[in-house]
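Chain by chain, the residues run as shown.
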Amino acid sequence: MVRRHIHHLRRGVVVSCVVLIFSIAATLSAGRWLMLNLMDYKAELEQLISDAPHFQVSFGDISGSWVVFSPRIEATSVKLTLQGGRRIDVGRMALQFDTLRSLWYGEAIFEQVLLDQLDLSLYRSIDKKWDLVGTALGQQPSSSQASGNPLP
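Residues numbered from 1 in each chain as written. Predicted model: local features only at pLDDT ≥ 70, side-chain atom pairs only at ≥ 80, totals over all residues. Heavy atoms only, no water.

(A) Quick look at the confidence of the model for the chain. The predicted model of the chain averages 79 in pLDDT, with 86% of residues at 70 or higher. Note on residues 137–148: pLDDT under 50 across the span, and 13 contacts to partners over four residues away in sequence or across chains. (pLDDT = per-residue confidence, 0-100. Contact = heavy atoms within 4.5 Å.)

And the structure:
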């Protein structure tokens, strides 16, 4: 009687492991295919990443690849436009996710973030605070911003 239960339990564990392995293989295959065709979803990605009216994201080219079990996304000519006209330009950006830690913590965790040819304009106000050049949150520039020293 006990042997029969152990046999059924063992068979259930084996079937569960096989299903888990096939599920992981299917997910990785779908992810690899999606990374190869990432440029086809450029407009949808820009809209998904952007948080209108707070900021808009656009990029020239986007590509994806896999490094072991972690997806890597590379984009060129990335432009981040913040509310009020402030802008940050990045010539090349690469993000590599840490898949295992992301799954463990339930949020996106990056193993590597690369920002190359970063272009942003900063100013230092009279009260010694740094900020991006432009109008913050749609407000008019304050007197401290107008008289602050821009960073060369």
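There's more to say after this.
(B) Seen up close, the pairing of strand 4 (residues 87–97). Note that strand 3 (residues 70–82) and strand 4 share nine bridges and pair antiparallel. Looking at strand 4, one finds that Ile73 is bridged to Leu95. Between strand 3 and strand 4, which pair antiparallel and follow one another directly, the connecting turn spans four residues, one of which, Gly84, has a positive phi of 95 degrees. In terms of strand pairing, strand 4 meets strand 5 (residues 110–119) through eight bridges, oriented antiparallel. Following the sheet pairing, Met93 is matched in strand 5 by Leu115. (Pairing = 2+ DSSP bridges. Helix = DSSP H or I, 4+ residues; strand = E, 2+ residues; numbered from the N terminus.)

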